[in-house]
There are 2 protein chains.
Amino acid sequence: MPRVTFIPDDVSVSVETGESLLRAAMLADVLVTASCGGDGTCGKCRMVVERGTVRAGQSAKLSDAQTAAGYVLGCLAEVVEDVFVRIPVESRAGAVPLRGGGRHPNPILAPEECAARVADSGSPPPVGKRLVRMFAPSLSDNASDLTRLCQTIRRDHGLEGVTVSLPVLGQLPAAARKGDWTVTAVVAELADTGLWIAGLEPGDTTARQFAVAVDVGTTTVEVALVDLTSGAVVAREAEYNAQTSRGEDVITRVIYGTRPEGLRELHELVTHTISVLVTSACGKAGVAFEELVCYVAAGNTVMTHLLFGVTPANIRTSPYIPAATEFPCVCATDLMLPGGPSTQVIALPCPASWLGGDIVAGVLASGIPWRDELTLFVDVGTNGEMVLGNKEWLVACSCSAGPAFEGGGILHGMRAAQGAVEQVRLDPGTLEPMILTIGGAKPLGICGSGLIDLVSELFLAGAIERNGVFATATDSPRLRKGARGPEYVLVFAEESGTGDDIVLTEVDIDNLMRAKAAIFAGISILTECVDVDFDAIHEVIIAGGFGHYLDLERVTTLGMMPEIAPEKYVFIGNSSLLGARCVASSKGMLQMARRVSEMITYIDLSVNAGFMETYVSATFLPHTDQSLFPRTEKLLAERRALKAVM
Amino acid sequence: MPRVTFIPDDVSVSVETGESLLRAAMLADVLVTASCGGDGTCGKCRMVVERGTVRAGQSAKLSDAQTAAGYVLGCLAEVVEDVFVRIPVESRAGAVPLRGGGRHPNPILAPEECAARVADSGSPPPVGKRLVRMFAPSLSDNASDLTRLCQTIRRDHGLEGVTVSLPVLGQLPAAARKGDWTVTAVVAELADTGLWIAGLEPGDTTARQFAVAVDVGTTTVEVALVDLTSGAVVAREAEYNAQTSRGEDVITRVIYGTRPEGLRELHELVTHTISVLVTSACGKAGVAFEELVCYVAAGNTVMTHLLFGVTPANIRTSPYIPAATEFPCVCATDLMLPGGPSTQVIALPCPASWLGGDIVAGVLASGIPWRDELTLFVDVGTNGEMVLGNKEWLVACSCSAGPAFEGGGILHGMRAAQGAVEQVRLDPGTLEPMILTIGGAKPLGICGSGLIDLVSELFLAGAIERNGVFATATDSPRLRKGARGPEYVLVFAEESGTGDDIVLTEVDIDNLMRAKAAIFAGISILTECVDVDFDAIHEVIIAGGFGHYLDLERVTTLGMMPEIAPEKYVFIGNSSLLGARCVASSKGMLQMARRVSEMITYIDLSVNAGFMETYVSATFLPHTDQSLFPRTEKLLAERRALKAVM
């Protein structure tokens, strides 16, 4: 990886080839003015390349003389080799770097690890195409078409006891003869629950088979279109779950589902959302619906019920019983999802009412079921779910975090999509921000990671008190009294993509604090239940729909996560989607998902005596018990001291 | 059984209580004039009860004086105890009884034997209701509804690995709570191919569960509605297959099915016929469609394909390949058959293109798979099928007999339904007939057994030559030259239920002779193939849609069956329907049906060098080789001698 050294600060950081100089500065904690999010329009993030060269970076915002002198716009310049870069005075947002050394980007639990595990499993997709080359019948070999098909599948693929549906049998005589006794069978191998031919095509069409991995989130639905022959994701789409129009959180949806037609409505809304995403993904990748062999859906228990149109009503009232924890495999067309008649839908199993297939998928994607070491998996979404364990045992709990981390309940919140502010650094003196948006687009709103960054920065700069209100003594044009009370302006209207100011309110801060407190309390209870110290945890894997640049140190700054050694934290992104991808590619992974679901011991926080107290103690920045966060307290002291001397 | 002695002939016969005196006379070969079929309207079959009493028999056709003198009408008088009956001169059709001793009715392989075998199998129906009494959930026992259901089914019924469809899962939460954790599950246990819950109802509804056994014949479709709690048939209906409008025989149907929309049309015609019959049967028995748990269909291979809407086209052209020999279980509603969403359809397996599930059902109903002794099973329908073997091995063949035995291709032929002439005796001198119809109704036409009786009697009386044409020398007002050539008038218009004469033509005789020749040739080839003599056969079981009074001796008279000792012949009636009933009642029977289908070695007569020669030799009465039928020849000589002296 090429190394970028910033002078005069003399801090350096390694980044991926092609990364922008602005992103490198962000990672190195070198503050640069940058208010357009990275699309080159504000022209403020000027830098001078003193040694080495960068790719691009030129802009009409720079004069010819500047360009000749080596000036580039940091957001547009791509790192391709080791460079020394000077930040000119006019671009400086802050006086000095806040930390001496540059940091690496978050370690990311890469999809490649999953891909390797899928390959190791050595098993075919749970639903996939098989080439069937039959011998032509004769008077002396006059077995029926179906017997011939099944015999050949047994001989060539080792599959015993295959069954077919009537529509498939109906297609067989013509397909076998049209393909001159070579057909492609879509075979569903759901291990314990059956082995059947879901579809049939004449000739060899095995080169074209795709699966849709779906993360059915309460707030956001994301799909990945997977080419099963290569394992590659050929398109990826995300959108808010259309059910949000019927309620922000899971409980509201469950209640809505008890209305007449409410269940049908919620079912249709989520399948509509998925349909739109799949239609778009297939369009972009040039994939026909008939080439989809399978959907693998991972969602929380309520979302999985609603996807299948099964009432989740009894989850809400004591004794909190789901209709099912394992769902039958059905045809996509039965759920009104895009697909041919052979397209199957598999849901990941949901171990408990409040622990769903999304978490099973995440645990799978994290590799915990293959690990000896104690690992903590935390999925931060509308609900916070935590799983602690290794390949021998797993305990889990969940708590309601609210939609803050996915942009919900935040005035200018948005999900981690194009234009979302995902990284923020502030000049602790002026509170001038340095922001980066997803896709380098004009800022449209703030996603989860941006929100964590922003509140952390404001807190460290002393602009937010420990109880989550703005410090009245702060003097900055960006901190103002708005119609909704005190607020901080992250992006002024002229720089934003919406044409309006993008602000942070005290209500937003309060929502974030409740959410982080719930997460912290959940983790605390979980470790208490199995009687382990935070230090015994070998790795903490953070999942969720944040941007990819979630600053994992910030999650401890806010007190959302315990102060486990920073190098133990890794980020995995949308692990629900990743796990669903794994399952779509390997029936061994599906079997492991079922095993995980059965292994998990679920701890119900709603009947846990200590939870509420632990939660309330955590609704402070970082915590009412400051001794739990010595590193944050030290950082806070340093920052405030620094500010005082400025 | 009460005994009826006819005087002055002094022949006696035992009959079932409730049987008519006329039927007893028929069995005893005592000829009585009787031309109305048994409905009391002709008033000719007068008899005098000399000792003992009968039930009913009075009629306005008798004068008060006659009634006082003990006269009754034989067709209306029911036997209830031993009686002596005198046939007055005016009722006599013939001079003397043709044989000294009375005969018993055909030994019938009774449904009771099947019922006993079903009971012995000790297994529940393949699709049947199970009572599931679950423990109510609690905070400490919070398994999902589905897990609870499956656990209870495992505990109480020993069923492992039950799966559910999505619609059933959708019903579960409400049904479990409505039934206060007691539900009735419709469980399908198809052994090798799966175990699933097809339907669900709150509370205990196990007392109401019915199955429909269907014999899907090329010419006739028959259904029996079976109460699965008692095993009793609560209604039975039959009708011509509506497909006959698209072709009389199987080949014509196969060709029709290759037209655009032809397959769909044939599928809809047969399901329409079944629907009409089931609707009628359910109406009569007060059964709701939702109470039907299963259809078990037995049909030949082409009919089974058409029932499922799968093309049978490749059965017709070399190398004669069916699409399938085993058909998937489907929902009745998928085939547009009456039923609830849980009603399943099971087809009996079809071992070969020309040997179908009807024969597998017949072999099953005959009990051959449980026998040590060598048994010949012959099903006489539109096709003739023969199976020879025992519990160790089975060989089979089939030949096209044409529809004659089901009343097709016969000018006044009809199926064995109300009003069909099913028994005929003739005065060998005058050719005056004594007839009995099914249900004792006015005659409407002639069914298979009536046709065999009639042609046999005419042949024995010398009115039909060995080559099947009417003997020109015969002098009888009933033998005349009609518009269609020579014909015999069985019923004159004034006695018939149609208002027209019911006649037998030479074309009818020719059709019957081809049919019987095909059957005889098939049986001959089959025994030759396995190198056994006719005498080695322990029992011959005759199946087919004849009336119940088929005279088994007559089948050898015509040369349709070899002259095996008469007591070795038994009649089983519609064994296809009977086998389907067995399977509907016992999954063990379904397993045995599959075993039978796999055990059978099929001998293809179309590629058999000797068949055509054997067939042509048999198109004579009884055969070109008279030495094969010594008993018939002896009878013929006796009858003709008797006639000569009259």
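All of these numbers come straight from a predicted model, not from anything done at the bench.

(A) Structural context of the sheet that holds strand β1 (residues 3-7) of chain A. Residues and elements named next belong to chain A. Taking strand neighbours across the sheet as the criterion, the five strands line up as β2-β1-β7-β3-β5 in an open arrangement whose pairing is mixed. Every interior strand has two partners, whereas the edge strands, β2 (11-14) and β5 (71-73), have only one. With strand direction ignored, the average angle separating the axes of adjacent strands in the sheet is 35°. One ladder, built from three bridges, connects strand β3 (residues 46-51) with β5; its direction is antiparallel. Bridge pairing in β5 places Val 48 opposite Tyr 71.

(B) Quick look at the packing of helix α7 (residues 262-285) of chain A against helix α8 (residues 301-308) of chain A. Residue and element names in this part refer to chain A. The contact between α7 and α8 brings their axes to 7 Å, and the two run at 95°. Here α7 is positioned roughly perpendicular relative to α8, judged by the angle of their axes. On α8, the residues touching Leu 263, Leu 266, His 267, Val 270, Thr 271 and Ile 274 of α7 are Leu 306, Leu 307 and Phe 308.

(C) Layout of the relation of the copies chain B and chain A. For the pair chain B and chain A, the best superposition has an RMSD of 0.1 Å and corresponds to a rotation of 180° with a translation of 0.1 Å parallel to the axis. The superposition of one copy onto the other is thereby described by a two-fold rotation axis. When C-alpha positions in chain B are compared against the rotation axis, the closest is assigned to Gly194(B), at 4.0 Å. Comparing contact sets, 97% of the residues at the interface of chain B also lie at the interface in chain A, consistent with an isologous, same-surface contact.

(D) Spotlight on empty space enclosed by the protein. Residue and element names in this part refer to chain A. Under the defined criterion, the tally for this structure stands at three cavities of 30 Å³ or more. Space inside the largest cavity adds up to approximately 50 Å³. For the largest cavity, the full set of lining residues is Asn 300, Thr 301, Ser 353, Trp 354, Leu 355, Gly 356, Asn 383 and Glu 385. Broken down by class, the residue content of the lining of the largest cavity amounts to two nonpolar, five polar and one charged.

(E) Highlighting the interface of chain B and chain A. The interface of chain B with chain A comprises 37 residues on the first partner and 36 residues on the second. Together, the buried faces of chain B and chain A total about 2600 Å²; carbon and sulfur atoms form 73% of this surface. Considering only the surface of chain B that becomes buried against chain A, Leu139(B), Leu166(B) and Ile321(B) emerge as the three largest contributors, covering 21% of it. Here chain B is connected to chain A by eight residue pairs in polar contact (both at pLDDT 80 or more).

(F) A look at helix α5 (residues 166-178) of chain A. The first and last C-alpha atoms of α5(A) sit 19 Å apart over 13 residues, in line with the 18 Å expected at 1.5 Å per residue. Of all the bends in α5(A), the greatest reaches close to 40° and is centred on Leu172(A); the proline Pro173(A) follows between one and four positions later. Taken residue by residue, α5(A) has Leu166(A), Val168(A), Leu169(A), Leu172(A), Pro173(A), Ala175(A) and Ala176(A) as its buried positions. Of the surrounding secondary structure, the elements contacted by the buried residues of α5(A) are α4 (145-157), β9 (163-164), β10 (182-189) and β11 (195-202) of chain A together with α8 (301-308) and β16 (330-331) of chain B. Just downstream of α5(A) lies Asp180(A), where phi reads positive at about 50°.

(G) Here's a closer look at the sheet that holds strand β10 (residues 182-189) of chain B. Residues and elements named next belong to chain B. On the basis of which strands lie adjacent, the open sheet formed by four strands has the order β8-β10-β11-β9 and mixed pairing. Each of the sheet's edge strands pairs with one partner strand only, and the pair in question is β8 (127-133) and β9 (163-164). Across two bridges, β9 lies against strand β11 (residues 195-202) in parallel orientation. Paired with Thr 163 across the strands is Trp 196, a residue of β11. On the sheet, helix α4 (residues 145-157) packs against β8, β9, β10 and β11 and is oriented at approximately 105° with respect to β8. Contacting β9, β10 and β11, helix α5 (residues 166-178) runs over the sheet at an angle of about 40° to β11.

(H) Representation of the side chain of Glu222(B) within the structure. Residues and elements named next belong to chain B. For Glu 222, the position within the fold is in strand β13 (residues 220-227). Classification of Glu 222 as buried rests on a relative accessible area of 16%. Here Arg 236 takes part through its side chain, which lies 2.9 Å from a polar atom of the side chain of Glu 222. Ignoring anything within four residues of it in the chain, the contact list for Glu 222 reads Ala 213, Val 214, Asp 215, Arg 236, Glu 237, Ala 238, Leu 277, Asn 574 and Leu 577.

(I) Quick peek at the pattern of salt bridges. As enumerated under the stated definition, the model contains 59 salt bridges over all chains in all. One salt bridge in this structure joins Asp156(A) and Arg155(A), with 2.8 Å as the shortest N-O distance. With a shortest N-O distance of 2.7 Å, Arg466(B) and Glu633(B) are connected by a salt bridge. Here the residue Arg466(B) occupies a position in the loop between α10 (448-460) and β24 (479-482), and Glu633(B) occupies one in helix α16 (residues 630-645), the gap between them amounting to 167 residues.

(J) Region of interest: the environment of Arg133(A). Residues and elements named next belong to chain A. Its place among the elements puts Arg 133 in strand β8 (residues 127-133). Counting along the chain gives 343 residues from Arg 133 to Ser 476, while the straight-line C-alpha distance between them is 75 Å. Contact partners of Arg 133, with chain neighbours within four places excluded, come to Thr 152, Arg 155, Asp 156, Trp 181 and Thr 182.

(K) Highlighting the environment of Gly339(B). Residue and element names in this part refer to chain B. Counting through the fold element by element, Gly 339 comes out in the loop between β16 and β17 (344-347). Counting along the chain gives 187 residues from Gly 339 to Leu 526, while the straight-line C-alpha distance between them is 41 Å. With residues up to four places along the chain from it excluded, the contact list for Gly 339 reads Phe 289 and Thr 333.

(L) Geometry of the domain arrangement of chain A. On domain assignment, one finds that chain A holds domain 1 (3-104), domain 2 (127-202), domain 3 (220-347), domain 4 (364-403 + 514-632) and domain 5 (422-512). Distance from the C-alpha centre of domain 2 of chain A to the C-alpha centre of domain 4 of chain A: 45 Å.

(M) Representation of the confidence of the model for chain A. Residue and element names in this part refer to chain A. When pLDDT is averaged across chain A, the result is 89; 95% of the residues are at 70 or more. Low pLDDT, under 50, characterises residues 95-105; the predicted model gives this stretch 29 contacts beyond four residues in sequence or across chains. Scored by ipTM, the complex comes to 0.83, with pTM at 0.82.

(N) The arrangement of α4(A) in detail. Its 13 residues place the ends of α4(A) 18 Å apart at the C-alpha level, agreeing with the 18 Å of an ideal helix rising 1.5 Å per residue. Positive phi appears at Gly158(A), one or two residues downstream of α4(A), with a value of about 70°.

(O) Broad picture of the side chain of Asn383(B). Residues and elements named next belong to chain B. Note on placement: Asn 383 falls in strand β19 (residues 383-389). Among the residues examined, Asn 383 registers a relative accessible area of 16% and is labelled buried. Non-local contacts of Asn 383, meaning those with residues more than four positions away in its chain, are made with Val 250, Cys 399, Ser 400 and Ala 401.

(P) A look at the environment of Gly37(A). Residue and element names in this part refer to chain A. Tracing the chain through its elements places Gly 37 in the loop between α1 (21-27) and β3. What makes Gly 37 buried here is its relative accessible area of 0%. Separated by 15 residues in the primary sequence, Gly 37 and Leu 22 place their C-alpha atoms 10.0 Å from one another. Here Gly 37 is in contact with Ile 435, Leu 436, Thr 437, Gly 440, Ala 441 and Pro 443, once residues within four sequence places are set aside.

(Q) Examining the packing of aromatic side chains more closely. The full count for this structure, using the stated rule, is eight aromatic pairs over all chains. An aromatic cluster of at least three residues, connected via ring pairs, comprises Phe520(A), Phe534(A) and Phe629(A). Directly above the ring of Tyr240(A) sits Arg415(A), whose terminal nitrogen or CZ lies 5.8 Å from the centroid. Its end group placed over the ring of Phe84(B), Arg51(B) keeps NZ or CZ at 4.1 Å from the ring centre.

(R) Focus on the packing of helix α11 (residues 506-529) of chain B against helix α15 (residues 611-618) of chain B. Residue and element names in this part refer to chain B. The geometry of α11 relative to α15 is characterised by a closest axis approach of 8 Å and an angle of 135° between their N-to-C directions. Judged on the interaxial angle alone, α15 and α11 are oblique. By crossing handedness, the relation of α11 to α15 is classed as right-handed. For the pair formed by α11 and α15, the contact residues are Arg 514, Lys 516, Ala 517, Ala 518, Phe 520, Ala 521, Gly 522, Ser 524 and Ile 525 on the first element and Phe 611, Thr 614, Tyr 615 and Ala 618 on the second.

(S) Seen up close, the pairing of strand β20 (residues 394-400) of chain B. Residue and element names in this part refer to chain B. With six of seven residues buried, β20 is to be regarded as a mostly interior element. As paired elements, β19 and β20 share seven bridges and run antiparallel to each other. Bridging across to β20, Val 387 finds its partner in Ala 396. The turn joining β19 and β20, which pair antiparallel and follow one another in sequence, is formed by four residues. Relative to strand β29 (residues 600-602), β20 runs parallel, the two being bridged by three bridges. Each residue of the ladder has a partner; that of Leu 394, found in β29, is Ile 600.

Conventions used here
- Residues numbered from 1 in each chain as written.
- Chains lettered and ligands numbered in written order.
- Predicted model: local features only at pLDDT ≥ 70, side-chain atom pairs only at ≥ 80, totals over all residues.
- Heavy atoms only, no water.
- Pairing = 2+ DSSP bridges.
- Helix = DSSP H or I, 4+ residues; strand = E, 2+ residues; numbered from the N terminus.
- Axes fitted to C-alpha atoms, helices over the stretch in contact; angles between N-to-C directions.
- Parallel < 35°, antiparallel > 145°, perpendicular 65-115°, else oblique.
- Contact = heavy atoms within 4.5 Å.
- Least-squares fit on C-alpha atoms with pLDDT ≥ 70 in both.
- 1 Å grid on protein atoms, 1.4 Å probe; cavity = no way out; pocket = protein on both sides within 12 Å on 5 of 7 lines; lining within 4 Å.
- Points joined across faces, edges and corners; volume = space filled by probe spheres on them.
- Nonpolar A, V, L, I, M, F, W, Y, C, P; charged D, E, K, R; others polar.
- Buried area = accessible area lost by both parts, 1.4 Å probe.
- Polar contact = N/O pair within 3.5 Å; in protein donor to acceptor, adjacent residues only side chain to side chain.
- Expected span 1.5 Å × (residues − 1).
- Bend = angle between axes of the 7 residues up to and from the residue.
- Buried < 20%, exposed > 50% of the residue type's maximum accessible area, 1.4 Å probe, protein only.
- Salt bridge = Lys/Arg side-chain N within 4 Å of Asp/Glu carboxyl O.
- Domains from an automatic or database assignment.
- pLDDT = per-residue confidence, 0-100.
- Phe/Tyr/Trp six-rings, centres within 6.5 Å; stacked < 30°, edge-to-face > 60°.
- Lys NZ or Arg CZ within 6 Å of the ring centre and 35° of its normal.
- Left-handed = near helix turned anticlockwise from the far one by under 90°.

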